[in-house]
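Geometric and topological summary
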Amino acid sequence: MRTISPAASAELVPDGAVVMIGGFMGVGSPHRTIAALVARQARDLTVIANDTARPGVGIGKLIGAGCVARAIVSHIGTNPETQKLMLEGKLAVELVPQGTLAERVRAGGAGLGGVLTATGLGTLAAEGRQVVQVGGRDFLVEPALRADIALIAARSADYAGNLVYSLTARNFNPLMAMAAETVIAEANEIVPLGVLPPDAVHTPGILIDQLLERPRVA
Amino acid sequence: MAAEIKGWDRNRMAARAAQELQDGWYVNLGIGIPTLVANYIPEGVHVTLQSENGMLGIGPFPYEGEEDPDLINAGKQTVTELPQTAYFDSAESFAMIRGGKIAMAILGAMEVAENGDLANWMIPGKLVKGMGGAMDLVAGVGRVVVVMDHTSKHGESKVLKSCTLPLTGQAVVNRIITNLGVLDVVPGGLKIVELADGVSEDELRAATEATILG
């Protein structure tokens, strides 16, 4: 697998695209690709992610730079810019319970139409959702999510695109790697084939379409 | 006025909540006062803390200079790992939450109602935090304990007959620990379990809008 520059990766994300972005409060987010999207002045993106981090951090950079028109996330409480833009009507925010978001992404990547969950019953999260009974219990029908592009981050990659994540930086990354037409991965290091123990690989290379070149010293 | 400073402070509330922990349990602690509960785990009680961003076995906060930016709790504080720690992705994390593997969640709240309804994620028109993992936690864990101040900054009860704010879950709270005492959600209303230091039953009742039985 050849590698591409951050700028080239940003060119693969057209304005208006639906983009999944890994990370939890910026930890495990693809920071170099995000910076390149800000530099390219991407517009009208729909971002599917856990949260919008904080202003100036991770996905917060995309929010602050006006790249995002719509966000499907579980939490915006740590980013006042997201809240302000939402209240001003400049950013559409769809809030989804975190576990439901994870399962909707997983379902999208696994070729499923969606999942049934009791999470959110009797709350605003149930608005517009079909309720079905299975085994005498109520469940919400939560449709699968897919994206045009997934931007993910790992600790290590090899040149087959196999990925290993670090500690709590894993979060949504392996799920999103399954659920998009084009998957762009960036890693802190790229190692030769054979270095990553095969039974330690978290995300197999079949899922990765583009691999960012190794980080350069600025 | 000194007379208004009654009951437990944040740390005493956390210490009281820590008494809820049982040996061998897997537990999820929410952000804020619930996070402080980890400082008061009773001697001889071994619990494993789950962090919904993908970790079982949260260790103490790191020493300065030893932080790993990839190792955080759900409140984005850097933490450390323990010898038994395991990491996993967000789907697996919430599978264990919804799947009933976590014995208890200790969460903060904006409002709790006498039927166990919980509101803790938004104030329409003012503040929208998002539910994060809270809706999944209350839907899936064995027991939900809320730790919060009994009244708002304006002195209004946060323990209500019914919640005014959008719900996180319906009839999900088992026990409420506030600066004034401990209340259980039981059929027909709330039951006083314990009064905080220096708080009388009359004072607790007066500060509570919800029905207190007995």
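Residues numbered from 1 in each chain as written. Chains lettered and ligands numbered in written order. Predicted model: local features only at pLDDT ≥ 70, side-chain atom pairs only at ≥ 80, totals over all residues. Heavy atoms only, no water.

1. Concerning the overall build of chain A
The following threshold applies: Numbering goes from the N terminus for both helices and strands, where a helix is a DSSP run of H or I of at least four residues and a strand is a run of E of at least two. For this measure, only C-alpha atoms enter the radius of gyration; the expected value for a globule follows 2.2 Å times N^0.38, where N is the number of residues. To sort residues, take the accessible area from a 1.4 Å probe on protein chains only and compare it with the maximum for the residue type: under 20% means buried, over 50% means exposed, and anything in between is partly exposed. In what follows, residue pairs with any heavy atoms lying within 4.5 Å of each other are defined as contacts. To measure how exposed things are, a 1.4 Å probe is used in the Shrake-Rupley method; for residues, cover is taken only from the protein chains shown. Within this scheme the basic residues Lys and Arg register as positive and the acidic residues Asp and Glu register as negative, but His and the chain ends are omitted. Note on charges: their place is set at NZ of Lys, CZ of Arg, CG of Asp or CD of Glu.
The number of helices and strands found in chain A is six helices and twelve strands. Scaling as 2.2 N^0.38, a compact globule of 218 residues should have a C-alpha radius of gyration of about 17 Å, and chain A matches this with 17 Å. Dimensions of chain A along its principal axes, counting C-alpha atoms only, are 55 × 40 × 25 Å. The 218 residues of chain A split such that 54% are buried. Considering only contacts in chain A between residues 6 or more positions apart, those separated by 24 or more positions represent 70%. Of the roughly 8800 Å² of accessible surface on chain A, 53% is carried by carbon and sulfur atoms. The averaged location of the 19 negative side-chain charges in chain A is 4 Å from the averaged location of its 18 positive side-chain charges.

2. Thoughts on the nonpolar core
Formally: The set of buried Ala, Val, Leu, Ile, Met, Phe, Trp, Tyr and Cys residues whose side-chain atoms join them within 4.5 Å is what this entry labels a nonpolar core.
Membership of the largest hydrophobic core comes to 52 residues, with the highest contact counts inside it found for Leu21(B), Val37(B), Ile106(B), Val112(B), Leu118(B), Val173(B) and Ile176(B). What Ile176(B) contacts, discounting residues up to four positions off in sequence, is Val112(B), Val146(B), Met148(B), Val159(B), Gly181(B), Val182(B), Leu183(B), Val185(B) and Leu190(B). Core analysis: the second largest hydrophobic core is formed by 35 residues, Met86(A), Leu151(A), Ile184(A) and Trp121(B) among them.

3. Side note on the pairing of strand 5 (residues 104-107) of chain B
It is a general feature of regular strands that their side chains alternate between the two faces of the sheet. All names here are of chain B. Where we set the bar: A pair of strands is labelled paired if DSSP reports no fewer than 2 bridges between them.
Here strand 5 shows no split at all, with Met104 and Ile106 on one side and Ala105 and Leu107 on the other all buried. Bridge count between strand 1 (residues 26-29) and strand 5: three bridges; the pairing is parallel. Within strand 5, the residue paired with Leu29 across the bridge is Ile106.

4. Looking at the interface of chain B and chain A
Interface extent is often summarised as the accessible area lost during association of the parts. Cut-off, in case you're wondering: Here's the idea: put two parts together, see how much 1.4 Å probe accessible area each one loses, and the total over both is what we call buried area. Salt bridges are identified by distance alone: a Lys or Arg side-chain nitrogen within 4 Å of an Asp or Glu carboxyl oxygen. Residues are sorted three ways: Asp, Glu, Lys and Arg are charged, Ala, Val, Leu, Ile, Met, Phe, Trp, Tyr, Cys and Pro are nonpolar, and all the rest, Gly among them, are polar.
With 38 residues of chain B in contact, the opposing surface of chain A contributes 39 residues. When chain B packs against chain A, the two sides together hide about 2900 Å² of surface, and 63% of this comes from carbon and sulfur. Of all residues in chain B, the largest losses of buried area upon contact with chain A belong to Asp70(B), Lys76(B) and Val128(B), amounting jointly to 20% of the total for that side. Summed over the shared surface of chain B and chain A, the result is one salt bridge. For the side of chain B that touches chain A, the element with the highest residue contribution is helix 3 (residues 90-98) of chain B, accounting for four residues. Of the residues in the side of chain B that touches chain A, the class split is 18 nonpolar, ten polar and ten charged.

5. A look at the side chain of Thr119(A)
Here Thr119(A) lies in the loop between strand 6 (114-117) and strand 7 (131-134). Thr119(A) sits in the buried class, given a relative accessible area of 1%. Residues within four places of Thr119(A) in sequence aside, it is in contact with Pro97(A), Thr100(A), Leu140(A), Arg98(B), Met135(B), Asp136(B) and Ala139(B).

6. Thoughts on unusual backbone geometry
The phi dihedral of Asp44(A) falls on the positive side, at around 60 degrees, and the residue is not glycine. In this fold, Asp44(A) is placed in the loop between helix 2 (31-39) and strand 3 (45-48).

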